[in-house]
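Results of the structural survey
Residues per chain, in single letters:
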Amino acid sequence: MKTVIGVALIGIVACRGSSRQSEAQGAAPPPESEAPVALNPDVPIAYPPALFERKVEGDVTLRLFVDSTGKLIPESTRVAEPSGYPALDSAALAGAPALKFAPAKRHGIPVATVFLQPVEFRQVGTTRTGTVTLPPPPAPALTPVLPPAAAPPPAPPRPRPVVRPPPDTTRADTTRVRADTTRVRPDTTHPEVPQHTKPYQNVLETIGWTPLIRINAVTRGIRTPVYAKAEFFNPGGSVKDRIGLAMIEAAERAGKLRPGGLIVEATSGNTGVGLAIAAAVKGYRCIFTMPDKMSQEKARLLRALGAEVIITPTAVPPDHPDNYIMKGRAIAAAHDNAIFADQHYNPVNPDVHYHTTGPEIWEQTDGKVTHFVCAPGTGGTVSGAGKFLKEKNPQIRVVAGDPVGSIYTGYARTHKKGDGQPYKVEGIGGDKIPTSLHWDVIDEWVVVSDKDAMQMARRLSKEEGLFVGGSTGVNVVAALDVARRSDDPTALVVTVLADTGERYLSKVYNEEWLRENQLIDDSRPTVARLVAAKTGDAPPLIHVAPEASVRQALNLMTTYNVSQLPVLEDNDGVGAVSEQALMARAIGQPKILDSPVRDVMDPPFPVVDAEAPVSLLTTLLSRTTPAALVRRNGKVVGIVTRYDLLHQLAGIH
């Protein structure tokens, strides 16, 4: 197993503590019967065998003191910040004088410098195959002691450890060293943190360590800072990439999934994408069942990744054979060498967030997070990350957002399963009780409407440059509610940007769909709204046919108290008649009352689209054009007049 020790040296740090105190915190010496473990010949550090019982993998951060010149203190036994593995700390200190080190300075002042020392652990008589790995625990925050002679430079961001997926025992070890050096551009105060400085062996190695981004525009007026974990930076564009790979590798380790096997899952789309990406790299087939309320982009994406997608009805009970989960289970049971990933009931789901998402948030906030807000679908993210954060600090509050119509909030309060109602937000909430959702981790529930969620997602896109989906809207609405009630500048709220908005172009970012579902407040007045605002008992469209008599047209206008009528034929305007013109002609020629309207009609009224702005009518209607027909989806559905337009402009209702 390869382990990388990232030794971050904190500049201008002086220590006068006892060197023996640090040694006392190291691991107890191994029994005399155990021989030291063999290491790389160029690294003179002997590690006790007890270290291997922890099976450490990933980047382990150990911070040593430096002197006023930026050089490592010769005693090499003074620890500013331990890695969390006492045996590792003790052994690393013993070999510190042999480590290569080049101090860095800025404006003549020593600054934090990073160098990487690769170490290979080999325990005699063992191999790497079948090793179960645990991510390293995050290091506690450090407050350096500065000498009085120099002012500290701007503190650069702390180096971040690299979280990688568990090793695949079916392929070669691909562990690499990532240069986590931090530097500051000379022409800006914004820190530059190099990323992806080394090539990856495949796309699966890019999963995790997503950015934590402060929310600024939509939080105006709220004193509590709100940050969001941008999970759309994962290769599949969502937080579900984490569990997709983890569930597959857990099935491999358990012997349930063999080469050439089939992966089946019931998914709202994102978990399917995570599974499909991992399956493509590993050579598995995929079949996914998906409710018909999900966006068409998700189904198309899954098919593009080589998966078969089966659409099931949304409005069926959870135990119905056509329910997407029941359908998925049946498909998996009918195939050999197949697994049903079962994200709602798979313990790997919350476990992977406990070992990755939670530690990342803790490290990225330097342990200052006070609230974690996340809306559960399967419950894995909020349960796993929330559990980890609470173990680090029991005072952290975990808050769950929940869409209106989901049964989760009611179940949390009454412990009784109620009846859910349909809702439009995808991927969160539910009508069943998943075991991946750990109810005891959650302190509070915040219910969010579809409309608020959709509008917040659109605001994040337009005001923050964060292109996200509707479930993220629920997360952020709930997070802002928590931050507003907290009203504490020293608190720190973290939420999750669950996936990319590219999955919702036909819904969240489609104004026509939002209007159809009454999920948008459109301040722009449209012709359709003008027609809908008309009062009275008259139908929205009163008209005559070309063969109708003039007498019939006049009677119709008198009955409904209108002064003009369109003449329609096959749903097209072919002419128009007005009460004033017809009465004038009838007085001079009474016989005309029995003539067809076709013989006396004027040119037809212009036609406008229902979604056209009302401002278009101000230029269209005039003394010679008293009205306009309104068309929607190719059909004439109403009429607006100068009278209607005047009332709208004057605010008369």
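These lines cover the structure that appears in this document, whether it is placed above or below.

For the pair helix α15 (residues 550-560) and helix α16 (residues 579-588), interaxial distance at closest approach is 11 Å and the crossing angle is 135°. With respect to their mutual orientation, α15 and α16 come out oblique. As for the relative orientation of α15 and α16, their crossing is left-handed in sense. Two secondary-structure elements touch here, α15 through Val550, Ala553, Leu554, Met557 and Thr558 and α16 through Glu579, Leu582 and Met583. Looking at the contact of α15 with α16 residue by residue, the classes come out as six nonpolar, one polar and one charged.

All chains considered together, the criterion is met by 23 salt bridges. The closest approach of N and O atoms between lysine 282 and glutamate 252, which form a salt bridge, is 3.3 Å. In this pair, lysine 282 is assigned in helix α4 (residues 270-282) and glutamate 252 in helix α3 (residues 241-253), connecting sequence segments 30 residues apart. Using a relative accessible area of 19% as the deciding quantity, one classes glutamate 252 as buried. Across the pair glutamate 444 and arginine 397 runs a salt bridge, and its minimum N-O distance is 3.5 Å. A residue pair is termed long-range when its members are at least 10 positions apart, and glutamate 444 in strand β17 (residues 444-448) and arginine 397 in strand β16 (residues 397-403) qualify at 47 residues. Each of the salt bridges in this network shares a partner with another, and the network as a whole consists of Lys229, Glu231, Arg242 and Glu360.

Attention shifts here to the environment of alanine 400. If you trace the backbone, alanine 400 turns up in strand β16. Given the relative accessible area of 0%, alanine 400 is considered buried. Taking the C-alpha atoms as reference points, alanine 400 and aspartate 443, separated by 43 residues in sequence, lie 8.0 Å from one another. In contact with alanine 400, other than residues within four places in its own chain, are Cys374, Pro376, Ile442, Glu444, Trp445 and Val446.

For the rest of this paragraph, the subject is the sheet that holds strand β22 (residues 627-632). The mixed open sheet is built from three strands, whose spatial order is β21-β22-β23. The open sheet has two edge strands with one neighbour each: β21 (607-609) and β23 (635-641). Here the strands of the sheet are splayed against their neighbours by 35° on average, with no regard to which way each runs. Bridging between β22 and β23 involves six bridges; their strand directions are antiparallel. By the bridge assignment for β23, arginine 631 is matched with valine 636.

To continue, consider the packing of helix α8 (residues 357-364) against helix α9 (residues 380-392). Running from N to C, α8 and α9 cross one another at 45°; their axes reach a closest spacing of 7 Å. With respect to α9, the axis of α8 lies oblique. Note that α8 runs across α9; the crossing there is right-handed. Taking contact as the criterion, the partners of Thr357, Gly358, Pro359, Ile361 and Trp362 in α8 are, on α9, Ala385, Phe388, Leu389 and Lys392. In the contact of α8 with α9, the residues fall into six nonpolar, two polar and one charged.

Okay, α4 next. For α4, built from 13 residues, the straight-helix expectation of 18 Å at 1.5 Å per residue is met to within 8% by its first-to-last C-alpha distance of 19 Å. Buried residues dominate α4, accounting for eleven of its 13 residues. Residues of α4 that are buried: Asn270, Thr271, Gly272, Val273, Gly274, Leu275, Ala276, Ile277, Ala278, Ala279 and Lys282. Looking at the residues trailing α4, positive phi occurs at glycine 283, about 85°.

Leu460, Val468 and Leu497 are the most contacted members of the largest nonpolar core, which has 38 residues in total. Sorting the residues of this core by element identifies β10 (226-230), β17, α11 (450-464), α12 (470-486), β18 (493-497) and α13 (511-516) as the ones contributing at least two each. Looking at which element gives the most residues to this core, the answer is α12, with seven residues. With residues near it in sequence (within four places) discarded, valine 468 still touches Phe232, Ala457, Leu460, Leu497, Asp499, Thr500, Gly501 and Tyr509. Counting 30 residues, the second-largest nonpolar core is a separate cluster that includes Ile207, Tyr284, Phe288 and Met290.

What follows covers unusual backbone geometry. The phi dihedral of asparagine 337 falls on the positive side, at around 50°, and the residue is not glycine. Relative accessible area serves as the criterion here: at 18%, asparagine 337 is assigned to the buried category.

What follows covers the side chain of serine 436. Of note, serine 436 is situated in the loop between α10 (408-414) and β17. Using a relative accessible area of 1% as the deciding quantity, one classes serine 436 as buried. Among the polar contacts made by the side chain of serine 436, one reaches the main-chain carbonyl oxygen of glutamine 343 at a distance of 2.8 Å. Aside from chain neighbours lying at most four places away, what touches serine 436 is Gln343, His344, Tyr345, Asn346, Asn349, Pro350, Thr378, Gly379, Gly380 and Ser383.

Overall, parallel pairing links the four strands, which are arranged β13-β12-β11-β14 in an open sheet. Across the chains shown, the open sheet's two edge strands, defined by having one partner strand only, are β13 (308-312) and β14 (338-340). Pairwise comparison of adjacent strand axes, ignoring direction, gives a mean angle of 15° for this sheet.

Time to look at helix α7 (residues 348-355). Within α7, six of the eight residues are buried, which leaves the element mostly enclosed by the surrounding structure. Looking only at α7, the buried set comprises Val348, Asn349, Pro350, Val352, His353 and Tyr354. On its buried face, α7 is in contact with α3, α8 and α9.

This part is about the side chain of glutamate 205. Note on placement: glutamate 205 falls in the loop between β8 (191-192) and β9 (212-214). Looking at glutamate 205, its side chain comes within polar contact range of the main-chain nitrogen of glutamine 201, at 3.3 Å.

This next bit is on the packing of aromatic side chains. Where two aromatic rings form a pair, the distance of their centres and the angle of their planes describe that pair. One pass over the structure, following the stated rule, counts seven aromatic pairs. Centroid distance tyrosine 411 to tryptophan 439: 4.8 Å. Interplanar angle 55°. Geometry classified as tilted. Of this pair, tyrosine 411 sits in helix α10 while tryptophan 439 sits in the loop between α10 and β17, and the two are 28 residues apart along the sequence. Its relative accessible area of 21% is what places tryptophan 439 among the partly exposed residues. Clustering of aromatic rings is evident, with ring pairs tying together Tyr408, Tyr411, Trp439 and Trp445. When the ring centre of tyrosine 423 is taken as origin, the NZ or CZ atom of lysine 293, which lies over that ring, is 4.0 Å away.

Definitions and cut-offs
Residues numbered from 1 in each chain as written. Predicted model: local features only at pLDDT ≥ 70, side-chain atom pairs only at ≥ 80, totals over all residues. Heavy atoms only, no water. Axes fitted to C-alpha atoms, helices over the stretch in contact; angles between N-to-C directions. Helix = DSSP H or I, 4+ residues; strand = E, 2+ residues; numbered from the N terminus. Parallel < 35°, antiparallel > 145°, perpendicular 65-115°, else oblique. Left-handed = near helix turned anticlockwise from the far one by under 90°. Contact = heavy atoms within 4.5 Å. Nonpolar A, V, L, I, M, F, W, Y, C, P; charged D, E, K, R; others polar. Salt bridge = Lys/Arg side-chain N within 4 Å of Asp/Glu carboxyl O. Buried < 20%, exposed > 50% of the residue type's maximum accessible area, 1.4 Å probe, protein only. Pairing = 2+ DSSP bridges. Expected span 1.5 Å × (residues − 1). Core = buried A, V, L, I, M, F, W, Y, C linked by side-chain atoms within 4.5 Å. Polar contact = N/O pair within 3.5 Å; in protein donor to acceptor, adjacent residues only side chain to side chain. Phe/Tyr/Trp six-rings, centres within 6.5 Å; stacked < 30°, edge-to-face > 60°. Lys NZ or Arg CZ within 6 Å of the ring centre and 35° of its normal.

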